[in-house]
Amino acid sequence: MNNLQKKSIHMTPQVKLRARKALADLDDMRLQQLLETARRVERYAVGRSEQSVANALGKPLVFVSVMIAFCKSAGLLETKRARAKFLRTYGKKKVRVLYSALEATR
């Protein structure tokens, strides 16, 4: 073992608070991008089948159906407080998984 492995990291409460706030801001940014993409997909899907939307966008059918369902469940989230409340109820892990799926399809 070298010296770096032996040392334990001690975080002050201020550092923990800043880290938590930075992570919350990152989750908010992810949610905003997901909502924007889901709204675009839903607008494009009006009057079309999900399969034709998936073909036109070049995305998997599962991704298109999940984005449409996500947009319907989220509704309008204009303020940061509303998005934070949605994150608490919907789940941060689910949003992170959806965001990683969004990044994978780009």
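Above this text you will find the structure in question.
Residues numbered from 1 in each chain as written. Predicted model: local features only at pLDDT ≥ 70, side-chain atom pairs only at ≥ 80, totals over all residues. Heavy atoms only, no water.

Colleague: Go over the nonpolar core, please, and point to the residues and values.
Modeller: Counting 22 residues, the largest nonpolar core has L31, L34, M67 and F70 as its most contacted members. The contacts of L34, once residues within four sequence positions are left out, are M67, F70, V95, L98, Y99 and L102. (Core = buried A, V, L, I, M, F, W, Y, C linked by side-chain atoms within 4.5 Å. Buried < 20%, exposed > 50% of the residue type's maximum accessible area, 1.4 Å probe, protein only. Contact = heavy atoms within 4.5 Å.)

Colleague: An account of the packing of aromatic side chains is needed here, citing residue identities and associated values.
Modeller: With the rule as written, the count across this model stands at three aromatic pairs. Ring centres 5.9 Å apart and planes at 70 degrees place the aromatic pair F70 and F86 in the edge-to-face group. Of the two residues, F70 sits in helix α4 (residues 61–74) while F86 sits in helix α5 (residues 80–90), which places them 16 residues apart along the sequence. In this structure, F70 and F86 share a single accessibility class: buried. Look at F86 and Y90: their rings are 5.1 Å apart centre to centre, the planes differ by 15 degrees, and that puts the pair in the stacked class. You can see F86 and its partner Y90 sitting in helix α5, four residues apart, about one turn around the helix. (Phe/Tyr/Trp six-rings, centres within 6.5 Å; stacked < 30°, edge-to-face > 60°. Helix = DSSP H or I, 4+ residues; strand = E, 2+ residues; numbered from the N terminus.)

Colleague: Requested: an account of the side chain of D28, with residues and values cited.
Modeller: Tracing the backbone through its elements, the reader meets D28 in helix α2 (residues 13–45). A relative accessible area of 9% means that D28 is categorised as buried. In contact with D28, not counting residues within four places along its chain, are K80, R83 and L87.

Colleague: Explain a nonpolar patch on the surface to me, and be specific about the residues and the numbers.
Modeller: A grouping of I9, M11 and V15 is seen on the molecular surface, where their side chains present a nonpolar patch of about 290 Å² in accessible area. Note on placement: V15 falls in helix α2. For V15, a relative accessible area of 36% gives the class partly exposed. (Patch = residues over 30% accessible without salt bridge, like charges linked within 9 Å, V, L, I, M, F, W, Y side chains within 5 Å. Areas by Shrake-Rupley, 256 points an atom, 1.4 Å probe, with all protein chains shown as cover. Salt bridge = Lys/Arg side-chain N within 4 Å of Asp/Glu carboxyl O.)

Functional significance is not addressed by these values, which are geometric in nature.
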